Amino acid sequence: MPSFTISRILFVLLFTMMIILQNSNGQMEEWCIADEQTPHDVLQMALDWACGRGGADCSKIQRNKSCYNPNTLLDHASYAFNSYYQKFKKQGATCYFRSAAMISNLDPSHNSCKFEYIP
């Protein structure tokens with residue numbers, strides 16, 4: 001297959017993905033998730049802050065709640081970081097958490113655990 005054809009196919013796929021990922025306002029949907037390369041102690045401090053003074057809703061990552069499993073630091077931090085980010089992004093909040101988090105355009109929801117997205 002000529003490289004020109006491959007380039008056209010890749011362009012069409014990329015364009016299609018951009019359309020799929022955009023919400024009705026033409027904005028890309030964004031979730032804030034934990035960076036898997038972050039050391040556990042840094043991740044734990046950021047999670048503690050988000051669920052404490054940060055104001056994230058961490059009720060769903062408690063035992064027997066919809067986002068408790070998988071019961072890992074990375075998964076719980078991702079849920080808490082996203083909760084904080086969605087709640088406060090219109091007020092200028094970022095998805096930083098001392099380099100422990102990053103933006104994802106892929107919805108991290110899984111099974112009964114739904115990650116909030118606020119346009």
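Parameters and conventions
- Residues numbered from 1 in each chain as written.
- Predicted model: local features only at pLDDT ≥ 70, side-chain atom pairs only at ≥ 80, totals over all residues.
- Heavy atoms only, no water.
- UniProt positions renumbered as here; feature names shortened; annotations may be inferred.
- Phe/Tyr/Trp six-rings, centres within 6.5 Å; stacked < 30°, edge-to-face > 60°.
- Helix = DSSP H or I, 4+ residues; strand = E, 2+ residues; numbered from the N terminus.
- Buried < 20%, exposed > 50% of the residue type's maximum accessible area, 1.4 Å probe, protein only.
- Expected span 1.5 Å × (residues − 1).
- Contact = heavy atoms within 4.5 Å.
- Arc of directions from axis to C-beta.
- Disulfide = S-S within 2.5 Å.

The protein carries the name X8 domain-containing protein in an unreviewed UniProt entry, which gives Papaver somniferum as its organism. Regarding the protein, the relevant UniProt record gives this comment under Subcellular location (unreviewed entry): "Cell membrane".

Enquirer: Sorry if this is basic, but what is going on with the packing of aromatic side chains here?
Expert: Aromatic rings considered in pairs are described by the distance between their centres and by the relative angle of their planes. For the structure on display, the rule yields seven aromatic pairs. Ring geometry for Trp49 against Tyr84: centres 5.2 Å apart, planes inclined by 70 degrees, an arrangement best described as edge-to-face. With Trp49 in helix H2 (residues 40–51) and Tyr84 in helix H3 (residues 73–88), this pair connects stretches of sequence that are 35 residues apart. Residue Trp49 is classed as partly exposed on the basis of its relative accessible area, which comes to 31%.

Enquirer: Hey, could you run me through H3 in this one?
Expert: One turn of an α-helix holds 3.6 residues; hence residues three or four places apart share an orientation. Compared with the 22 Å implied by 1.5 Å per residue over 16 residues, the 22 Å span of H3 between its first and last C-alpha is a close match. Among the residues of H3, His76, Ala77, Ser78, Tyr79, Ala80, Phe81, Asn82, Ser83, Tyr84, Tyr85 and Gln86 are the ones counted as buried. Where the residues of H3 are buried, they touch strand E1 (31–34), H2 and strand E2 (101–104).

Enquirer: Whenever I open this one, H2 confuses me. Can you help?
Expert: The end-to-end C-alpha separation of H2 is 16 Å, in line with the 16 Å expected for 12 residues at 1.5 Å each. Taken together, the buried positions of H2 are occupied by Leu43, Ala46, Leu47 and Ala50. Taken end-on, H2 shows its buried residues confined to a sector of 100 degrees, consistent with a single buried face. The exposed residues of H2 that point more than 90 degrees off its buried face are Asp41 and Met45. Of the surrounding elements, those touching the buried residues of H2 are E1 and H3.

Enquirer: Just checking my understanding: could you explain unusual backbone geometry for this structure?
Expert: With glycine set apart, most residues show a phi of negative sign, and most peptide bonds adopt trans. Between Asn69 and Pro70 the backbone carries a cis peptide bond, its omega angle lying at 0 degrees. Its location among the elements puts Pro70 in the loop between H2 and H3. Despite not being glycine, Asn64 shows a phi value in the positive range, around 70 degrees. Position of Asn64 among the secondary structure elements: in the loop between H2 and H3.

Enquirer: I would appreciate a short explanation of the state of the cysteines in the present structure.
Expert: Two cysteines whose sulfur atoms are joined by a covalent bond form what is called a disulfide. For the coordinates displayed, the defined rule picks out three disulfides. Two residues share a disulfide in this structure: Cys32 and Cys95, whose sulfurs sit 2.1 Å from each other. Taking the torsion about the S-S bond as the criterion, the Cys32 to Cys95 disulfide, at about 85 degrees, is right-handed. Taken together, the residues span a long stretch of sequence, with Cys32 in strand E1 and Cys95 in the loop between H3 and E2 at a distance of 63 residues. Here the two residues Cys32 and Cys95 agree in accessibility, since each one is buried.

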